[in-house]
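Listed below are the residues making up each chain.
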Amino acid sequence: MTGGEMVRHEDGTPRWPAGYRCAALVTVNFDAEALLLAEPGMAGRQKTLSVLRYGATRGARRLLDALAAAGMPSTWFTPAVTADDHAGVVRDVVTSGHAVGLRGYAYEPLDRMPASERTARLARAAERLHAVAGAPARGFRLPVGEWPRSLAAELADIGVAWSSSWFGDDTPFALAAGAGRSLVEFPIHHALDDRTAFFWNVNPPIPAGQSRISSYGEVLENWLLEFEGCRREGLLFVPQLHPEISGTPGRIGLVEELLATLTADPSVWRPTGDELARWWASAHPVNPAGHPADVFFHTSDHRESETTR
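Here the residue numbering is sequential within each chain, running from 1 through the sequence in written order. Thresholds applied to this predicted model are a pLDDT of at least 70 for local features of residues and 80 or more for the giving and counting of side-chain atom pairs; totals over whole chains, interfaces and linings are not thresholded and use all residues. Side-chain numbers come from the whole structure's heavy atoms, not from hydrogens or water.

Visitor: An account of the pairing of strand β2 (residues 26-29) is needed here, citing residue identities and associated values.
Guide: The buried label goes to any residue with under 20% of its type's maximum accessible area, the exposed label to any with over 50%, and the partly exposed label to all in between, with areas taken from a 1.4 Å probe on protein chains only. Helical segments are the DSSP runs of H or I of at least four residues, strand segments are the runs of E of at least two, and each set is numbered from the N terminus. Alternating residues of β2 divide into V26 and V28 and T27 and N29, and every residue in both groups is buried. Paired strands, as defined in this entry, are two strands with at least two bridges between them according to DSSP. Strand direction decides the pairing type here: β2 and strand β3 (residues 74-78), joined by four bridges, are parallel. Note that in β3 the partner of N29 across the bridge is F77. Bridge count for β2 against strand β10 (residues 240-241) is two bridges, and the pairing is parallel. Looking at β10, one finds that V28 is bridged to L241.

Visitor: Give a detailed account of the sheet that holds strand β1 (residues 22-24), specifying residues and quantitative values.
Guide: If you walk across this open sheet you meet the three strands as β9-β1-β11, and the pairing is parallel. Each edge of the open sheet carries a strand with a single partner, namely β9 (236-237) and β11 (268-269). Note that β1 and β9 share two bridges and pair parallel. Bridged to A24 within β9 is F237.

In structure tokens, the structure reads:
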């Protein structure tokens, strides 16, 4: 199949709106120093922290300029403390027509705290981010750790409609959020995360085991091959960019080439996260039978009921 030929979902319904055969959702993780300050003993390591501050002082502007030149919408996920510390960047994101999504309060592991504490921190984070951005956050990306069973419901309670945190699929799916509600999940892949290829630090290596920077050309080729596969099979393409990583003078060229490819094909749907979530929830309100996300929630509910007997 080529061009804009209709791609069908498992139940025979159109996978995307008429005229589109795949979708691309560009996302940016704007964590700045919060990523490191979440670890004990990091507050005084100014040289190390400057690696991540670079995203706020230089990289964010380059990414915004590249997105503007391509006419590509995006969602920037940010912890509330980052929004407070770099409010000017967050406001530039919003005034440039992009959305801001929630990423915890201070890049904390949400799975390691009691539900009551997690709920309070999420509500506080949503309030602070709304105050800085001037609009409520409808999207969410897990900062670190695992997905607690009740997290979807807690997010729905504070107005979040969609997430981009899980792996395990190539098209969106529903996450049960209790009381007949659900979030739309936009799955991600490590191959489309610039941090996997480029984030290098001598001591400690981040991510663990990463000891050298990948070839720029090879990484771009990887991204383009993944996009072509998504276009060929009618899937969802979700790159994850970081201002301190892809916002350098050299790597911004890779972003520009990727965006040029995404915008050159009229059969590629390029919605905002909110637009995509609304359409998917309307067109595909339930997952195909046996979807892993439904199995997760069903199994968690079963185990929880077993412990209460």
